[in-house]
Amino acid sequence: MTPVLEIRDLRVKMPTPRGHVTVVDGVDLTAEPESIAGIAGESGSGKTITMLAVLGLLPPDAIVEGSARLAGRELIGLPERELRAVRGRRMAMIFQDPLASLHPMLTIGRQLTDHMRAHLGLGRAKARARAVELLAEVRLPDPAGMLDRHPHEFSGGMRQRVAIAMALACEPEVIIGDEPTTALDVTVQAGILRLLDRLRRESGVTVVLVTHDLGVMSALADTLSVFYSGRVVETGTAGTVLRRPRHPYTAGLLAALPSPEAKVDQGVRPIPGTPPVPGDRPSGCAFHPRCPHGVDQCAVEVPAPVELDDRHRFACPPDPFAAGRTS
Amino acid sequence: MSRLEISGVHVAYGKGRRAAEIVAGVTLAVRPGQIVGLVGESGCGKSTLARAAVGLLRPSAGTVTFGGRPVTPLGHRARHVSLLPLQMVFQNPYACLSPRRRIGDQIGDGFRDDDGGSGGSGSRSHSRSRRAAELLELVGLPPSLRERYPHQMSGGQRQRAALAAALAPSPEVLVLDEPFASLDVSGQAQLARLLTDLSGELGVGMLLISHDLGIVKQIADELYVMYLGTIVEHGPTLELWRSARHPYTRALIAAIPHADGSGRIPEALAGDVGDPRTPPPGCRFHPRCPYSVEECETRPPPLTEVLPGRAAACWRHEDVAASADSPTTEEKPAGPSTGPITILKKEDR
Ligand SMILES: Nc1ncnc2c1ncn2[C@@H]1O[C@H](COP(=O)(O)OP(=O)(O)O)[C@@H](O)[C@H]1O
Ligand SMILES: Nc1ncnc2c1ncn2[C@@H]1O[C@H](COP(=O)(O)OP(=O)(O)O)[C@@H](O)[C@H]1O
Ligand SMILES: [Mg+2]
Ligand SMILES: [Mg+2]
């Protein structure tokens, strides 16, 4: 099966007052058709920059190298005019703040129909009918009545549903959701998670889901890639990575989560220290200063990925969680 | 003995006929060394209650006392010295940190004169600077950050610096409004650990306010669950978590996604949070409640003791207790629910 989205050795250097610094450093990522590919990691680990690079939305003075293919077609280096067509029709993005993709002064109906008329060449009446369908699809009550309302008339959860309807409008192959539920209450978040799951099954769209929330990953993601300091340190099926993590960073993130039990006596177990800032990344394995399992070699060599047969890969050759080892 | 006592507090914004009541009769208490969690969806009135708790807003009814004395708003600048041991950390660190002054100086402002060192002004400022460094270390920041301005720090660092500043007057009770909101997983865990240590080692009582029950329940001794300006359930954390008696508490718990790799999608709660200014009649939760019956639509249930040390405001709390799980709901429109309740399971992987 050809992956819908295939990222290979992607590198991004961002301009700073001290010159360009590497913020994405050799990322590989594959999203199969109709799957949800999860990207997790602490803030600042390069998740958003990776997605913006794929969409060609980075500032012109950012340096992007490597490859990102949408259904086989290379996106990196594509002229802006062609990228714009790809972004409108074939790939769509949902942001943490739905207002980022909605115009505050225009009605929901106007925004949806303008978008479809521009990209799909639909007539006014057809576009309006389709807009009603889309709002029903994302389960907004009274979809026809919604068309004449403005974004500020909606609650956060309803706005995110509108943003998803907008993303679906041109039936894209890929939807990239960057922390799409992070700003919502869990009660509302759960509804959006159910919506994304249904859309994936019913309309066959591929979703790249970026979030630091591993609970959300567990609910939705088929595959999971864990970012640390601009690199993928572990990847595999979400179930495997979450249940049997092999990279100490993944294990640390999971251990730091509130457990499903309340007020456990051993207390909370955070990962010590803070993530490195770009331009000041530790040598060797970037996680080694915070790692409880480090050996001498970790400070020197950039760890080569260890590959297990079930497409589970992790960048930690000492492999402290290998079966039979106690750690 | 409670240090902070909030009893029957109502808070409204605006005056006269335009007054909009947000908090509608809340009673809660914080004892020394105790972490009391206050949870509920965004917009239910948590921050409003917090501001009333520290005397930044005057309740329209009810009382707030600290160490037995009334907490009366005198304006931000003129807080009575007896209120110095009652401190608040705001959701936005900039609400308590000035952007134009170094962190060390701002922490130094908070020291009470009696423990700020004695002697000439030189030795006093030296001692303040040393104690500011100690506080930064206490909250897990390098002492060198004393020299920085707020904008030169990361979001997580600013949150900790604001906490250090609130700790300067040696508070007995801290009100923390959404302290986890700007942090990611590991930052949240670090802060949760720090708060547990502060309450355990320094005996600081805390009112820990958050929309995220998943984190709060990890460190709070007691929980208060708020819905549209009222407390709907209260009790020891572990008991509430294991056997909630109010359908809203159950819904909050059921909506939390767990990173267990199971692929299970948590339960959504139908409908929207609503506006406390225009609460529905009867039980405020009834339009979203799967247990709602006719009585719930007209008569507001009082918060009553359901077990020793536990209270719930629900006409049907016994039926809720008898049902093993919270009812499973299908993906619903974002409006109030009308359809039948059916079960939607994610296909096995
Ligand atoms: N416009 C920018 N210029 C320079 N550096 C940036 C810019 N945007 C983000 N960065 C840096 O790139 C790194 C990765 O950021 P980002 O991809 O936003 O992280 P994430 O989404 O994982 O939280 C961060 O350390 C951030 O400071
Ligand atoms: N200064 C204010 N004036 C008028 N209404 C306000 C003010 N601050 C908050 N509100 C309203 O009070 C309600 C509760 O807000 P808040 O206490 O911030 O809730 P929470 O902290 O639980 O999210 C909201 O409807 C909000 O719009
Ligand atoms: Mg990001
Ligand atoms: Mg608030």
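Residues numbered from 1 in each chain as written. Chains lettered and ligands numbered in written order. Predicted model: local features only at pLDDT ≥ 70, side-chain atom pairs only at ≥ 80, totals over all residues. Heavy atoms only, no water.

*Asks:* Could you clarify how one ought to interpret the UniProt feature "domain: ABC transporter" (unreviewed entry) in chain A in this entry?
*Replies:* Cross-referencing UniProt, the feature "domain: ABC transporter" (unreviewed entry) maps to residues 5-254 of chain A in the present numbering. In this annotation, residues 5-254 of chain A is assigned 41% helix and 27% strand; the end-to-end C-alpha distance for the span is 27 Å. (UniProt positions renumbered as here; feature names shortened; annotations may be inferred. Helix = DSSP H or I, 4+ residues; strand = E, 2+ residues; numbered from the N terminus.)

*Asks:* Mind showing me how you'd approach the site of ligand 1 here?
*Replies:* All names here are of chain A. Close to ligand 1 lie Met14, Pro15, Val23, Glu42, Ser43, Gly44, Ser45, Gly46, Lys47, Thr48, Ile49 and Pro278, which account for all nearby residues. A distance of 2.8 Å separates an oxygen atom of ligand 1 from a polar side-chain atom of lysine 47. Measuring from an oxygen atom of ligand 1, one finds a side-chain N or O atom of threonine 48 at 2.8 Å. When isolated, ligand 1 has an accessible area of 570 Å², and the protein chains bury 66% of it. For the shell around ligand 1, the secondary structure elements donating two or more residues are strand E1 (5-16) and helix H1 (47-55). In terms of residues, the shell around ligand 1 owes the most to one element, H1, which gives three residues. Its residues assigned to classes, the shell around ligand 1 shows five nonpolar, five polar and two charged. (Near = heavy atom within 4 Å. Polar contact = N/O pair within 3.5 Å; in protein donor to acceptor, adjacent residues only side chain to side chain. Areas by Shrake-Rupley, 256 points an atom, 1.4 Å probe, with all protein chains shown as cover. Nonpolar A, V, L, I, M, F, W, Y, C, P; charged D, E, K, R; others polar.)

*Asks:* Where do I start with the sheet that holds strand E6 (residues 91-94) of chain A in this structure?
*Replies:* Through backbone hydrogen bonds, the strands of a sheet pair up, either in parallel or in antiparallel fashion. Residue and element names in this part refer to chain A. One open sheet accounts for eight strands, arranged E6-E7-E8-E3-E9-E10-E12-E11; its pairing is mixed. Only two strands of the sheet have a single partner each, and these edge strands are E6 and strand E11 (306-307). Pairing of strand E9 (residues 223-228) with strand E10 (residues 231-237) involves six bridges; the strand directions are antiparallel. Considered in E10, the bridge of valine 226 is made with glutamate 234. Against the sheet, helix H2 (residues 80-90) touches E6 and strand E7 (174-178), its axis set at about 70° to E6. Contacting E6 and E7, helix H6 (residues 156-168) crosses the sheet at an angle of about 170° to E6. (Pairing = 2+ DSSP bridges. Contact = heavy atoms within 4.5 Å. Axes fitted to C-alpha atoms, helices over the stretch in contact; angles between N-to-C directions.)

*Asks:* In this structure, what is going on with the interface of chain A and chain B? I would like to understand it.
*Replies:* Often, the extent of an interface is quoted as the loss of accessible area upon association of its parts. Contact residues are listed per partner, giving 51 residues for chain A and 50 residues for chain B. Both faces combined, the contact of chain A with chain B buries some 4,300 Å², and carbon together with sulfur accounts for 55% of it. Summed over the shared surface of chain A and chain B, the result is one salt bridge. We note a salt bridge from glutamate 267 of chain B to arginine 194 of chain A, for which the minimum N-O separation is 3.6 Å. The tally of links from chain A across to chain B stands at 14 residue pairs in polar contact (both at pLDDT 80 or more). Broken down by secondary-structure element, the contributors of at least two residues to the side of chain A that touches chain B are H6, helix H7 (186-203), helix H8 (214-220), helix H9 (238-243) and helix H10 (248-256) of chain A. Residue classes in the side of chain A that touches chain B are distributed as 25 nonpolar, 11 polar and 15 charged. (Buried area = accessible area lost by both parts, 1.4 Å probe. Salt bridge = Lys/Arg side-chain N within 4 Å of Asp/Glu carboxyl O.)

*Asks:* So what exactly am I meant to see when it comes to the nonpolar core here?
*Replies:* Within soluble globular proteins, side chains that are nonpolar tend to cluster in buried spots. Residues Leu214 of chain A together with Ile107, Leu163 and Leu195 of chain B are the most contacted members of the largest nonpolar core, which totals 124 residues. Among the elements that make up this core, the one with the highest residue count is H6 of chain A (eight residues). The residues that make up this core include at least three from each of domain 1 (98-168) and domain 2 (245-323) of chain B. Those residues in contact with leucine 195 of chain B, other than ones at most four positions away along the chain, are Ile35, Leu163, Leu176, Phe180, Met206, Leu208 and Ile219 of chain B. (Core = buried A, V, L, I, M, F, W, Y, C linked by side-chain atoms within 4.5 Å. Buried < 20%, exposed > 50% of the residue type's maximum accessible area, 1.4 Å probe, protein only. Domains from an automatic or database assignment.)

*Asks:* Is there a simple way to explain the site of ligand 2 in this structure?
*Replies:* All names here are of chain B. Near ligand 2 lie 14 residues; those nearest to it are Gly43, Gly45, Lys46, Ser47 and Thr48. Within the backbone of glycine 45, an N or O atom sits 3.0 Å from an oxygen atom of ligand 2. Contact between ligand 2 and threonine 48: an oxygen atom at 2.5 Å from a side-chain N or O atom of the residue. Here ligand 2 loses 64% of its free accessible area of 560 Å² to cover by the protein chains. The class makeup of the residues in the shell around ligand 2 is four nonpolar, five polar and five charged.

*Asks:* Which parts of the structure should I look at to understand the domain arrangement of chain B?
*Replies:* Domains assigned within chain B are domain 1 (98-168) and domain 2 (245-323). A C-alpha centroid distance of 43 Å is found between domain 1 of chain B and domain 2 of chain B.

*Asks:* Help me understand the confidence of the model for chain B in this model?
*Replies:* Keep in mind that low pLDDT regions are not for reading the predicted coordinates in detail. Residues and elements named next belong to chain B. Summary statistics for chain B give a mean pLDDT of 86 and a share of 88% for residues scoring 70 or more. The low-confidence segment residues 332-349 (pLDDT under 50) makes 43 contacts with residues lying over four places distant or belonging to another chain. Taken over the whole predicted complex, pTM reads 0.90, whereas the ipTM for its chain interfaces reads 0.90. (pLDDT = per-residue confidence, 0-100.)

*Asks:* What is the right way to read the sheet that holds strand E1 (residues 4-13) of chain B from this model?
*Replies:* All names here are of chain B. On the basis of which strands lie adjacent, the open sheet formed by four strands has the order E2-E1-E4-E5 and antiparallel pairing. In the strand order of this sheet, the two ends are held by strand E2 (20-30) and strand E5 (69-70), each with one partner. One ladder, built from five bridges, connects E1 with strand E4 (residues 61-66); its direction is antiparallel. Of the residues in E4, the one forming a bridge with glutamate 5 is threonine 65. Against the sheet, helix H1 (residues 46-53) makes contact with E1, E2 and E4, and its axis sits at roughly 120° relative to E1, the strand it touches most.

*Asks:* Hey, could you run me through unusual backbone geometry in this one?
*Replies:* All names here are of chain A. You will see that alanine 71, though not glycine, has its phi angle at about 45°, which is positive. Structurally, alanine 71 is set in the loop between strand E4 (63-70) and strand E5 (73-74). Look at alanine 71 and you get partly exposed, because its relative accessible area is 43%. Residues other than glycine seldom take positive phi values, yet aspartate 142 does so here, at roughly 50°. Take aspartate 142: it is sitting in the loop between helix H4 (124-137) and helix H5 (143-146). Take aspartate 142: its relative accessible area is 53%, and that puts it in the exposed class.

*Asks:* Would you mind showing me how to read the pattern of salt bridges here?
*Replies:* It is possible for side chains of opposite charge to pair when their charged atoms get near one another. In total, this model carries 32 salt bridges over all chains according to the counting rule given. For arginine 3 of chain B, the salt bridge goes to glutamate 172 of chain B, with nearest N and O atoms at 2.5 Å. Here glutamate 172 of chain B lies in the loop between helix H4 (155-167) and strand E7 (173-177) and arginine 3 of chain B lies in the segment before E1, a separation of 169 residues in the sequence. A relative accessible area of 24% places arginine 3 of chain B in the partly exposed class. One salt bridge in this structure joins arginine 277 of chain B and aspartate 275 of chain B, with 3.1 Å as the shortest N-O distance. A relative accessible area of 28% places aspartate 275 of chain B in the partly exposed class. Connected via shared salt-bridge partners are Asp9, Arg11, Asp25, Arg231 and Arg281 of chain A.

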